[in-house]
Amino acid sequence: MSQSLTLLAGPDALHILRERGLRAEDVDILPGASGGPKWLGLEGIDRVLFGEFLQQPRARPLHLIGSSIGSWRLACLAQKDPVAALRRFAHAYLEQRYPPKPPPSLVSEVSATVLESLLGPDGAEQILAHPWARLHVVTTRCKGLLAVEQSGMQLAGFVLGALANAVSRRTLRFQMERVIFHTAGDTSPFAGLKDLPSVHRPLTRDNLRPALIASGSIPMVLAGVHDIPGAPAGTYRDGGVVDYHLDVDYGTGNGLVLYPHFYPYVVPGWFDKSLKWRRAGPLNFRRALIITPSPAHLARLPGGRIPDRSDFTGMKDEDRIRAWKQVLTEGDRMADELRELLSTGRIADHVQPL
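- Per an unreviewed UniProt entry, the protein goes by the name Patatin-like phospholipase family protein and belongs to Corallococcus aberystwythensis.

This is the structure we're talking about:
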C-alpha cells in the first residue's frame, strides 16, 4: 500500500486505470477545492501533477475548475511554468501577517499582493492564451443581506442561509448564484449545470484578477468584490460558499477527472461543513481519481493535520510559518511517491474504490 498517499477511484475511473493506467492524455478535468491554507498540504502533489505529469503534449483541452484557493492553485497550472508559480504562491502565502482582528479591507489588500506574486509579471496573459489549459473560476454572486458589507447584517444573512441550507441545498438559489468565469468558450463541460442558478462569463484581461480575488473572498474575512467587468452587477464572494469541494456534474466524457484533494471525501457547499450527513454521493465522481494525503502522512505533520485558517489566529506568525514550512517539506514525500507510481505505471495497484 502507498505510504504517503491515499488514492480513491470511482467505478469508471477504476476501469480506465486497470485497463491502461494513468495517462495524462486521458485526463479531461481537474478540480481544485476551497480550503484556504489547506492547499499547502497538496503543494507536493501539485508540483508533480502540474509541473511534470500534465505537461505532456495534449490533443484536447484540459478543463480546470476551482473555487477559492483551488482557483488560485489552478491559475498556477495554467501558466507556462506551473512549478515556479506554485513556489511564488507558497512564499507569498506563508509570509502573510495580520494584526489582531484585521478588517476585511486589509485582508483583501494583502490577498491581492499574494495574487500578484502568484501571477508574476505576465501570468495573466499566459492563462488567457494557454494552448490547452481552460481555467474556470467559480465565484458566488450574493443577494440581499449577503451582499451587504456591514458585518452584522452580512452575518445575519449567512445564518439565515445556513438554516435554510440545512433543510435543502436548493434553497441557496434564493440568496446567491454561481458565476463561473472561464477561458473555455463554447467547449466548457460545465455549461449545463442545473443544480443551482449558474451564469457563465468569459475570463478576460479586465476581469481575471477581480474574478480570482472574488473566488477567494471569504465572507466576513475579506471584502466582497463589486461589479466585476463583463458580469452581472452585484457583490461577489468566495466561490466555495456555493461549491466548497466541487460536487458538480462532470459530464459523461470518456476521460478521467483527476482530483488532488485535502480529504478522502467531498463536501458540497460551505454551509455543509458541519453537516456530517451532507457529503457528496458517488454519482458525480464515477470517473474521478482522488489523490489525497494518507493518514500516515498527516500524522507526520505539525499537530497531525494539514494547515487551516485558524492557524492565523491560534499561532504566532513565527510558529505558523515554521509549521507551514514543515508541511511543505513533508510534501516532498508525497511528491516522490507519486512520481514513482507514475513512472512505474503502478497507480492501479494502489487505488481503492471510492
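Notes on the pairing of strand β10 (residues 288–293)
- Here β10 lies mainly inside the structure; six of its six residues are buried.
- Both strand β9 (residues 256–260) and β10 contribute to a ladder of four bridges, which runs parallel. Residue Y259 lies in a different strand from β10, and its bridge partner there is I290.

Digging into unusual backbone geometry
- Phi is positive for K101, close to 50 degrees, though the residue is something other than glycine.
- You can see K101 is positioned in the loop between α4 (82–94) and α5 (104–119).
- For K101, a relative accessible area of 83% gives the class exposed.

Observations concerning a nonpolar patch on the surface
- On the surface, L145, M153, L155, V159, L160, L163 and M220 cluster together into a nonpolar patch covering about 590 Å² of accessible area.
- You can see L160 is positioned in helix α7 (residues 151–167).

Brief notes about the pairing of strand β2 (residues 27–32)
- Burial of β2 is extensive: six of the six residues sit out of reach of the surface.
- As paired strands, β2 and β9 are joined by two bridges and run parallel to one another. Residue pairing across strands places V27 opposite L256, the latter belonging to β9.
- Of the pairings in the sheet, the one linking β2 to strand β3 (residues 62–67) comprises four bridges and is parallel in character.

Looking at the packing of aromatic side chains
- Under the counting rule described, the total for this entry stands at 16 aromatic pairs.
- On the basis of an interplanar angle of 80 degrees and a centroid distance of 5.8 Å, the ring pair of Y98 and F312 is categorised as edge-to-face. Remark: F312 occurs in helix α10 (residues 311–314) and Y98 occurs in the loop between α4 and α5; sequence separation between them is 214 residues.
- Between W270 and F271 the ring centres are 5.8 Å apart and the planes differ by 50 degrees, which places this aromatic pair in the tilted class.
- In this structure, R320 packs its charged tip against the face of W324, placed 4.8 Å from the ring centre.

Considering the packing of α5 against helix α8 (residues 208–215)
- Remark: α5 packs on α8, axes separated minimally by 11 Å, with the N-to-C direction vectors making an angle of 125 degrees. The angle between the axes of α5 and α8 places the two elements in the oblique class. With respect to the hand of their crossing, α5 and α8 are arranged in right-handed fashion. Contacts between α5 and α8 pair S111, A112, L115, E116 and L119 from the former with L208, R209, L212 and I213 from the latter.

Here is what the cut-offs are and how they apply
Residues numbered from 1 in each chain as written. Predicted model: local features only at pLDDT ≥ 70, side-chain atom pairs only at ≥ 80, totals over all residues. Heavy atoms only, no water. Buried < 20%, exposed > 50% of the residue type's maximum accessible area, 1.4 Å probe, protein only. Helix = DSSP H or I, 4+ residues; strand = E, 2+ residues; numbered from the N terminus. Pairing = 2+ DSSP bridges. Patch = residues over 30% accessible without salt bridge, like charges linked within 9 Å, V, L, I, M, F, W, Y side chains within 5 Å. Areas by Shrake-Rupley, 256 points an atom, 1.4 Å probe, with all protein chains shown as cover. Salt bridge = Lys/Arg side-chain N within 4 Å of Asp/Glu carboxyl O. Phe/Tyr/Trp six-rings, centres within 6.5 Å; stacked < 30°, edge-to-face > 60°. Lys NZ or Arg CZ within 6 Å of the ring centre and 35° of its normal. Axes fitted to C-alpha atoms, helices over the stretch in contact; angles between N-to-C directions. Parallel < 35°, antiparallel > 145°, perpendicular 65-115°, else oblique. Left-handed = near helix turned anticlockwise from the far one by under 90°. Contact = heavy atoms within 4.5 Å.

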